[in-house]
Amino acid sequence: MAQLEIDNLSVEFRTRHGVVRALDSVSLSVTRGEIVGVVGESGSGKSVTAYTVMGLNDEAARITQGNITMGGIDLLAARPEAMRELRGREMAMIFQSPRTALNPIRKIGKQIEDVLQEHAGLPSRDLKKAAIAALARVRIPDPERRAEAYPFELSGGMCQRVMIAMALACTPSVLIADEPTTGLDVTTQAVIMDLIRDMSRSTRMSTLLITHDLGLAGEYCDRIAVMHAGHIVEVAPTEEILDHPAHPYTRQLLAATPVPESRLDDLNSIPGHLPDLRGALPPCRFSGRCERRRPICDEAELPWRELSPAHVVRCRFPLS
Amino acid sequence: MAFVWKRLLGTIPSLIGVVVLTFFISHALPGDPAAYFAGPAANAASIENIRATLGLDRPLPVQFVRYIGDLAQGNLGRSLTTGQPVLTDLLERLPASLELSSFALLFAIIIAIPMGVWAATRINGGVDHACRALVTVSAAFPTFFVGLLFVYIFYFLLGWAPQPLGRLNEIAYSPPPHFTGAYTIDALIAGDWPVLRASLAQLILPAISLGLFALAPIARITRAAMLEALGSDFIRTARASGLPVRKILMTYAFRNVLLPVSSVLGMVFSFLLGSNVLIEQVFGWQGVGAYAVSAVIASDYAAVQGFVLMMAVLYVLLNLAVDIFATLVDPRVRFEG
């Protein structure tokens, strides 16, 4: 059984301007040691999925159906206090813009100690050593000295390493990385992603990589799930989805992803916008932007098509 | 430490400005000190005579140079009304005003900060609404009006408070031995409990009426800064790390709030020192505020100048204290110097 299992999850937000159906019947699983990418444009529901797993959603969010289990624990049924104890110990999250994600007026060593103190059950005299060890694990040079630094004294890339050290301090079984390299320069991006991959492999951690960058996901993930407007539209092993995308949206995403030899003119943008998630929506939320749309797309229930056991697509007329 | 010196040096230009400004403004005040000093029975010749002895017949620049020369020797001049050196007068009365303002600030902090924090954690909850109501009410009523109302209710109607006639009923009690000049603290040091009790009883109404006015800005800033901190990325990280709520609120959010709150506290305290002028009149408090009011009425130049200068120095020291506190709270300030 998968370490992290999201099953048929629907989430909506009650806002002043109506109910936003942010996630609709989302299912996704991550096994131990696997890296799964969740790819989609802004507003597609990637982050909501992550926050729902962590139990960090806004108060306006309502889970209307579905299940999330982690290592057999039912996360949606867990009490808030139980969820708090799981966060940081069993599941951890890293964010984009690492410099603001760390407390600006607390030494980074102390911030890691706070997590260890809460979850690791170490005597307080060992906390400092453990925090330095956590920094050393993410290959931060001179960790004793760095533990005494404040976030503003470190570069963005270094701060993201600190975030990773903090997330992995208690060796969680699930890591969610929400756009971890956005805002970092390209070389640092590669260093950070290599680090995340190495840590996932060596601790057999299940990793969910949330990104808008299909190229990045293609390089580091075992499987990729493509999200559009609160739906998962396609899930497949990385090579398969890059070479044989089955959903029209996936193909357009690929065409919009820059590769080294492409020129600016070669890049395509995806026509249309994400549909408004309030009010009535067609069964296929992509139909409004789809060039292959037929009348039936707006009528009957949308089926999952299984192209191979590992490759599923949510389209009536998948590409072949 | 170098930072403290730098800040102190930076205050010199503003102090010079204050000296120049107060000199000219106080001389522009309506009223003739010589006439006031000579009394209602004096004739023109005797007034001229007094003017000459006071040096008031000289041109303004000459008077100014003499004023600066005296100031350099720590001589603020002699008060026309009390006949004492202004510096002595001020130092005698300053502890009373500081005591009143400090208790007022303490009262405001004790109520406003927990209230602001609480309101921010439960937006639109009961405490949040109560906070908003109290802020509006306390900001809307002028301090002296609240003071008079309190005297009417708690002294006249209910008889809970002692007569609002100064810092201590000196017929029943003798002031404690002088250490700091603040009666409550001196009584505490001397271990004189009846006097401590009596001076606190005198202090409570003026301190609360003054403190109510300080509640509003402190509670509002605390609430706003706390809301901002709670919505920040690093609080999200702390929650994602499963830190306990208490730790998130206190160690992570509240410590980041201390910086904006402390700068407001500095500002509020200087406002309080200013508002003392009114509240000291209402409660017969023998502080610098009451002294300044009678000095203005008597066109007592030296006393007015001395008062304004002392206030300016206090503001400067207060801001310095806030800056130093900021460096203790926020490492980023420390490095930028």
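Analysis parameters
- The numbering scheme is per chain: residues are counted from 1 as the chain's sequence reads.
- Ligands are numbered from 1 and chains lettered from A, in the order in which they are written.
- Local features are withheld for residues below a pLDDT of 70 in this predicted model, meaning they are given only at 70 or higher, and side-chain atom pairs are given and counted only at 80 or more; totals for whole chains, interfaces and linings count all residues.
- Going along the chain from the N terminus, every DSSP run of H or I of four or more residues is numbered as a helix, and every run of E of two or more is numbered as a strand.
- Based on C-alpha atoms, the radius of gyration is set beside the globule rule, defined as 2.2 Å times the residue count to the power 0.38.
- Residue pairs are scored as contacts if the distance between their C-beta atoms, which are placed from the backbone, is within 7 Å.
- With C-beta atoms placed from the backbone, a residue is buried if 20 or more other C-beta atoms are within 10 Å of its own, exposed if 12 or fewer are, and partly exposed between those counts.
- Axes here mean lines fitted to C-alpha atoms, for a helix over just the part in contact, with angles spanning 0 to 180 degrees between N-to-C directions.
- When describing relative orientation, an angle under 35 degrees is termed roughly parallel and one over 145 degrees roughly antiparallel, while 65 to 115 degrees is termed roughly perpendicular and anything else oblique.
- When the near helix sits turned anticlockwise from the far one by under a right angle, the crossing is termed left-handed; a clockwise turn instead gives a right-handed crossing.
- Under the scheme applied, nonpolar residues are Ala, Val, Leu, Ile, Met, Phe, Trp, Tyr, Cys and Pro; charged residues are Asp, Glu, Lys and Arg; polar residues are all the others, including Gly.

1. Digging into the overall build of chain A
Phase 1 of the analysis: Counting its secondary structure elements, chain A contains eleven helices and twelve strands.
Phase 2 of the analysis: Computed over the C-alpha atoms, the radius of gyration of chain A is 20 Å, within 12% of the 20 Å expected from 2.2 N^0.38 for a compact globule of 320 residues.
Phase 3 of the analysis: If you line up chain A on its principal axes, its C-alpha atoms span 70 × 50 × 40 Å.
Phase 4 of the analysis: Considering only contacts in chain A between residues 6 or more positions apart, those separated by 24 or more positions represent 64%.

2. A look at the overall build of chain B
Phase 1 of the analysis: When helices and strands are counted, chain B shows 15 helices and zero strands.
Phase 2 of the analysis: In terms of overall dimensions, chain B has a C-alpha envelope of 85 × 55 × 40 Å along the principal axes.
Phase 3 of the analysis: Across the 337 residues of chain B, 37% fall into the buried class.
Phase 4 of the analysis: Across chain B, every contact between residues at least 6 apart in sequence was considered, and the portion connecting residues at least 24 apart equals 70%.

3. Overview of the packing of helix 1 (residues 2-10) of chain B against helix 14 (residues 301-329) of chain B
When two helices pack together, their arrangement is given by the angle between the helix axes and the distance between those axes.
Residues and elements named next belong to chain B.
Phase 1 of the analysis: Relative to each other, helix 1 and helix 14 sit at 150°, their axes nearing to 11 Å. With respect to helix 14, the element helix 1 is oriented roughly antiparallel. As helix 1 runs across helix 14, the sense of the crossing is right-handed. On helix 14, the residues touching F3, V4, R7 and L8 of helix 1 are L320, D323, I324 and T327.

4. Structural notes on helix 13 (residues 288-297) of chain B
All names here are of chain B.
Phase 1 of the analysis: For helix 13, the full list of buried residues reads V288, G289, A290, Y291, A292 and A295.
Phase 2 of the analysis: Contact partners of the buried residues in helix 13: helix 6 (86-121), helix 12 (245-282) and helix 14.
Phase 3 of the analysis: Count one or two residues on from helix 13 and you reach S299, which has phi positive near 50°.

5. Description of the packing of helix 7 (residues 126-140) of chain B against helix 10 (residues 193-230) of chain B
All names here are of chain B.
Phase 1 of the analysis: Two elements in contact, helix 7 and helix 10, have axes whose closest approach is 8 Å; the angle formed by their N-to-C orientations is 140°. Judged by the angle between their axes, helix 7 and helix 10 are oblique. For the element pair helix 7 and helix 10, the recorded crossing hand is left-handed. Along its contact with helix 7, which presents C131, L134, V135, S138 and A139, the element helix 10 presents L212, F213, L215, A216, A219, R220 and R223.
Phase 2 of the analysis: Class assignment of the residues belonging to the contact of helix 7 with helix 10 gives a composition of nine nonpolar, one polar and two charged.

In short, geometric facts, not functional conclusions.
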